[in-house]
Amino acid sequence: MAKDTKSKVSAIGVLTSGGDAPGMNAVIRAVVRRGRSKGLKTMGIYRGYEGLMNDEVRELAAKDVSDIIQRGGTILNTARCAEMRTDEGLQRAADACRRNGIEGLVVIGGDGSFAGAQKLANLGINTIGVPGTIDLDIACTDYTIGFDTAVNTAMEAIDKVRDTSASHERVSIIEVMGRNAGYIALWAGIGAGAEDILLPEKYDYDEQRIINNIIETRRKGKKHHIIINAEGIGHSAAMASRIEAATGIETRATILGYMQRGGSPTSRDRVCATVMGAYAVDLLIAGKTKRVVAYKDGHVTDFDINEALAMQKDIDPYEYELSHALSYDYSKI
């Protein structure tokens, strides 16, 4: 990031938008304390873009963000705002920034939140996006805040389900979050040693192949079977009924749901969130706008928001192949 000796802003705001993610509070804390240390007025915007439009804004001092780095969720609350998809809503949000003296805006959220930030920037509001989403589906960055905690939460739950699955010698389908992205499913599945991992990006809906794998691994002595099913595929209960009917083996579905969004963030989420939040402030101080903070190759960097939103992302082919080689191909051992 290019250095600038004179700040282009004197007051900044921060909001969280869309789904919450562990580590969002660490970003808020970093934005406020980095901003205050640089002589900026720092304002918290409550309930996302909707709160911005309704002037739910108040100044935050360093003490206001004490003891929040370890907390899940977001102290600013969050909401989805359909009005931000309209020209009238965007203008309301831009007017609210000006009315509240916000010269730079840090938006913590996912691609939908960044689309709003992109359009606000087009209306003259200096905006910086910080990727806060458990789904890891922001293409410009190798890491999104909340992903590590969500994966660990899912993996620990899978370990617990495996215990009872082994005790009852049953098949267990465990559905994890991620919307249409399979990163939580892939990482949690590899980390928990699942026998099958179903990803929206790769699944061919050949259920018979899964059934054959269950039957074959049972024949070779495997007494239980864990299937990780991504949210983007879903219908886990119906799938369990079909597998039980086809194999004669008791099959149960567990949907982990919103527990994956909560909980105290891991050290990685806390540190990366802190670095990204501070970096966002530094970008605003340098007079930058319409940027997305990212981690690439282990280093914090930033991208033009138009470029970032146009990027495409896919599952790592080696990780996907490995998930099969170590689990699905058990029948070949």
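Residues numbered from 1 in each chain as written. Predicted model: local features only at pLDDT ≥ 70, side-chain atom pairs only at ≥ 80, totals over all residues. Heavy atoms only, no water.

*Asks:* Outline the sheet that holds strand β5 (residues 126-131), listing residues and values.
*Replies:* Paired through backbone hydrogen bonds, the strands of a sheet run either parallel or antiparallel to each other. Ordered by their spatial adjacency, seven strands build an open sheet running β3-β2-β1-β4-β5-β10-β11, and the pairing between neighbours is mixed. Of all strands in the sheet, those bounded by a partner on one side alone are β3 (57-59) and β11 (299-304). Averaged over all neighbouring strand pairs, the angle between strand axes comes to 25°, with direction disregarded. Relative to β5, strand β4 (residues 104-109) runs parallel, the two being bridged by six bridges. The residue of β5 that forms the bridge with glycine 104 is asparagine 126. Contacts from helix α1 (residues 24-37) reach β1 (11-16), β2 (41-45), β3, β4 and β5 within the one sheet, and its direction differs from that of β1 by about 175°. Contacts from helix α9 (residues 267-285) reach β1, β4, β5, β10 (291-296) and β11 within the one sheet, and its direction differs from that of β10 by about 140°. (Pairing = 2+ DSSP bridges. Helix = DSSP H or I, 4+ residues; strand = E, 2+ residues; numbered from the N terminus. Axes fitted to C-alpha atoms, helices over the stretch in contact; angles between N-to-C directions. Contact = heavy atoms within 4.5 Å.)

*Asks:* Lay out the pairing of strand β8 (residues 225-230) with the relevant residues and their values.
*Replies:* Most of β8 sits out of view: six of its six residues are buried. Burial along β8 is two-sided: His225, Ile227 and Asn229 and Ile226, Ile228 and Ala230, pointing in opposite directions, are all buried. Where strand β6 (residues 171-176) and β8 come together, six bridges link them in parallel fashion. Along β8, the bridge assignment pairs isoleucine 174 with isoleucine 228. Relative to β8, strand β7 (residues 196-198) runs parallel, the two sharing three bridges. (Buried < 20%, exposed > 50% of the residue type's maximum accessible area, 1.4 Å probe, protein only.)

*Asks:* Got a sec to walk through unusual backbone geometry? Specific residues and values, please.
*Replies:* Backbone geometry places aspartate 55, a non-glycine residue, at a positive phi of 60°. You can see aspartate 55 is positioned in the loop between α2 (48-53) and β3. On the basis of relative accessibility, which here comes to 35%, the residue aspartate 55 falls in the partly exposed class. Positive phi, close to 55°, is recorded for leucine 136, a residue that is not glycine.

*Asks:* I'd like a description of the environment of valine 106, backed by residues and values.
*Replies:* For valine 106, the position within the fold is in strand β4. The contacts of valine 106, once residues within four sequence positions are left out, are Gly13, Val14, Leu15, Val31, Ile128, Val130, Ala280 and Leu284.

*Asks:* Quick rundown of the nonpolar core? Include the residues and the values.
*Replies:* The biggest cluster of nonpolar side chains holds 61 residues, and the ones touching the most others in it are Val106, Ile108, Val130, Ile184, Ile228 and Val293. With residues up to four places along the chain from it excluded, the contact list for valine 130 reads Val27, Val106, Val107, Ile108, Gly109, Phe114, Ile145, Met276, Ala280 and Val293. (Core = buried A, V, L, I, M, F, W, Y, C linked by side-chain atoms within 4.5 Å.)

*Asks:* Can you explain the confidence of the model for the chain? Please cite residues and give values.
*Replies:* Averaged over every residue, the pLDDT of the chain is 93; residues scoring 70 or more account for 96%. Predicted confidence is poor over residues 2-6, with pLDDT under 50, and the contacts of this stretch with residues over four places away or in other chains come to four contacts. (pLDDT = per-residue confidence, 0-100.)

*Asks:* Outline the side chain of threonine 42, listing residues and values.
*Replies:* Its place among the elements puts threonine 42 in strand β2. Residue classification places threonine 42 among the buried residues on the basis of a relative accessible area of 2%. A distance of 2.7 Å separates a polar side-chain atom of threonine 42 from the backbone oxygen of leucine 60. Every residue in contact with threonine 42, bar those within four places of it in the chain, is listed here: Ile12, Val31, Val32, Gly35, Arg36, Arg58, Glu59 and Leu60. (Polar contact = N/O pair within 3.5 Å; in protein donor to acceptor, adjacent residues only side chain to side chain.)

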